[in-house]
Structures are given as structure tokens and as C-alpha cells.
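Here are the chains, one letter per residue:
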Amino acid sequence: MFNLILKDFLLQKKITLFTIAYALVFNLTCYLSSSNLDKLEILPIFGIVFFTYLSIFYMIGIEERNKSLVIINSLPLERSQIVISKYISLIFFTIVNALTLYLPTFIFGIIFRNNQIYSLNYSILTVFIALLLILFSIYYPLYFKYGYNSMRVFSFIFYILMFSIPGFLQKLMKNSNIFHKFVQYTLTNPQKTLLILFTLALSIFIISLYFSIAIYKNKDL
């Protein structure tokens, strides 16, 4: 299974190079900026989500073009291992992208002794990663059932959802009293709320894994 995850990483290594370039540009921008740095705080977190999204779909697209899954399924591997490797790859890409984006931040902060360079906002990061897990929990069972080509439309919808949800939630908070009260509760109990949200997302992710395994085991290739 390790080799499957390594294969996924090597397929999307170009995305990792883009992530490194993004991290360097972000840190340089923070270092040179003298005002409105609060607007830059979301950029690394946006980068983690965006580049993880790109990593997954870029890797799946290359696999489809090269018919890699056909070859992999001809090897003495259980289908469950193939499915599990995809779910682990998502977590692995998220961690790699987070380290790629934030390690330069810490290094720049130490080298230049600049407090303007932002540190990690764990609350916002937890929310975005939870959304990432939930959305891929929906995507993967459909992908293993219908395949890459049938899921291209969903991939586009997935992209729109990923980056429109924060704006939608902001509008909902302004227009809905119930949702506004919920947000106020989360602000007064942030750690508890984030723990519940992440636990829920992780539970959905695990349930999705079992569904995907069951679907792929019974699929005719």
C-alpha cells in the first residue's frame, strides 16, 4: 500500500512544485507588506485546500490517461488496498501541502525576525480541512462507482462548492437568526465546536471509505 501512496505522490509532484512557489510568493508578500496583513491570513489555508484539490484530481486524471488502474488491478493486490490508498493519499497530500506552505513561514519569521509573517490559524484550518474531508467523502464513492470520465461534471461542481461555501455561510449568517446564534455559540465555545466538527468530518470520511470499498469490490472492470 505504501507503494500505491508513493505512486500517487509522484504522479502529482508538479503540483507540489507549484505549492512551493506559492509559499515563497506568500511569504515574500507578507515580508514586504506594511498594512492590511489580516487579509493575507486566509491565503495559506486557501492554498492547502486548493493544492490538495489539484493534487487529487491531477493524479486521478493522469491515472485515467495512462490506464494505471487497469494495470494496478492486474497485480496481486486487494481492491480494498487500492481504495484505502486513495483515502490515505488525500490525508497525505493535505499534510504535505500544509507543511510546504507553513514551514517557509516559520523559517522566514526566524531569519528576518518579522512578526508580520503570519502564524497558523488552527480554527480556520480545521474548518477548511473538515469541509475537504466531507466533500471528498462524497466524491470518492461516486468516483469508484462511475469512474473518472463520468465524474468530470461533478469535479467542476466540487470545485465551485469548495470555494463558494465560505461565502455562502457568511451570507447565511447575516440572513438567518438560527445560523447566527449557532455561529455565536461556536465563537464562545470554539474548541468544543471545532472538535465536534472535525470528529463529524472524520466519521463521515471513514463511513465513506467503507462504502467505497464495498462499491469497488463489486465493480466490473
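It should be noted that the structure appears before, not after, this text.
Residues numbered from 1 in each chain as written. Predicted model: local features only at pLDDT ≥ 70, side-chain atom pairs only at ≥ 80, totals over all residues. Heavy atoms only, no water.

Caption draft 1: Structural view of the side chain of Glu63. Take Glu63: it is sitting in helix α3 (residues 42-66). Residue Glu63 is classed as buried on the basis of its relative accessible area, which comes to 2%. Those residues within four positions of Glu63 in sequence are excluded, and the remaining contacts are Lys7, Asp8, Leu11, Ser68, Leu69, Lys86 and Tyr143. (Helix = DSSP H or I, 4+ residues; strand = E, 2+ residues; numbered from the N terminus. Buried < 20%, exposed > 50% of the residue type's maximum accessible area, 1.4 Å probe, protein only. Contact = heavy atoms within 4.5 Å.)

Caption draft 2: Geometry of helix α6 (residues 122-146). Spanning 25 residues, α6 covers 36 Å between terminal C-alpha atoms, matching the ideal 36 Å at 1.5 Å per step. Positive backbone phi, at 90°, marks Gly147, one or two positions downstream of α6. (Expected span 1.5 Å × (residues − 1).)

Caption draft 3: Structural context of the packing of aromatic side chains. Overall, the coordinates contain 16 aromatic pairs when judged by the stated rule. Their ring planes at 55° and their centres at 4.7 Å tell us that Tyr53 and Phe57 sit as a pair that is tilted. Of the two residues, Tyr53 and Phe57 both sit in helix α3, four residues apart, roughly one turn of that helix. For the ring pair Phe92 and Phe93, a centre distance of 6.2 Å and an interplane angle of 55° mean the geometry is tilted. Connected via pairs of aromatic rings, a cluster forms that spans Tyr53, Phe57, Tyr87, Phe136, Tyr139, Tyr140, Tyr143, Phe144, Phe205 and Tyr216. Above the face of the Tyr216 ring, Arg79 is positioned so that its terminal group lies 5.5 Å from the ring centre. It is Lys145 that lies over the ring of Tyr146; its NZ or CZ is 5.7 Å from the centre. (Phe/Tyr/Trp six-rings, centres within 6.5 Å; stacked < 30°, edge-to-face > 60°. Lys NZ or Arg CZ within 6 Å of the ring centre and 35° of its normal.)

Caption draft 4: The nonpolar core, seen in detail. Counting 42 residues, the largest nonpolar core has Phe136, Tyr139 and Tyr140 as its most contacted members. Put simply, the parts of the chain that give this core at least two residues each are α1 (2-11), α3, α4 (68-73), α5 (79-112), α6, α7 (152-175) and α9 (190-217). Take this core: its biggest share by element is 12 residues, from α6. Ignoring sequence-local partners within four residues, the contact set of Tyr140 consists of Ile56, Ile60, Lys86, Tyr87, Leu90 and Ser212. (Core = buried A, V, L, I, M, F, W, Y, C linked by side-chain atoms within 4.5 Å.)

Caption draft 5: Fine view of unusual backbone geometry. Of note, Lys67 is a non-glycine position whose phi angle comes to about 55°, a positive value. Residue placement: Lys67 occurs in the loop between α3 and α4.

Caption draft 6: Quick peek at the pattern of salt bridges. Taken as a whole and assessed by the stated rule, the structure comprises five salt bridges. For the salt bridge of Lys7 with Asp8, the shortest nitrogen-to-oxygen distance reads 2.7 Å. With relative accessibility at 0%, the residue Asp8 sits in the buried group. In this structure, Lys7 engages Glu63 in a salt bridge whose closest nitrogen and oxygen atoms are separated by 2.2 Å. With Lys7 in helix α1 and Glu63 in helix α3, this pair connects stretches of sequence that are 56 residues apart. Through salt bridges with shared partners, a single ionic network connects Lys7, Asp8, Glu63 and Lys86. (Salt bridge = Lys/Arg side-chain N within 4 Å of Asp/Glu carboxyl O.)

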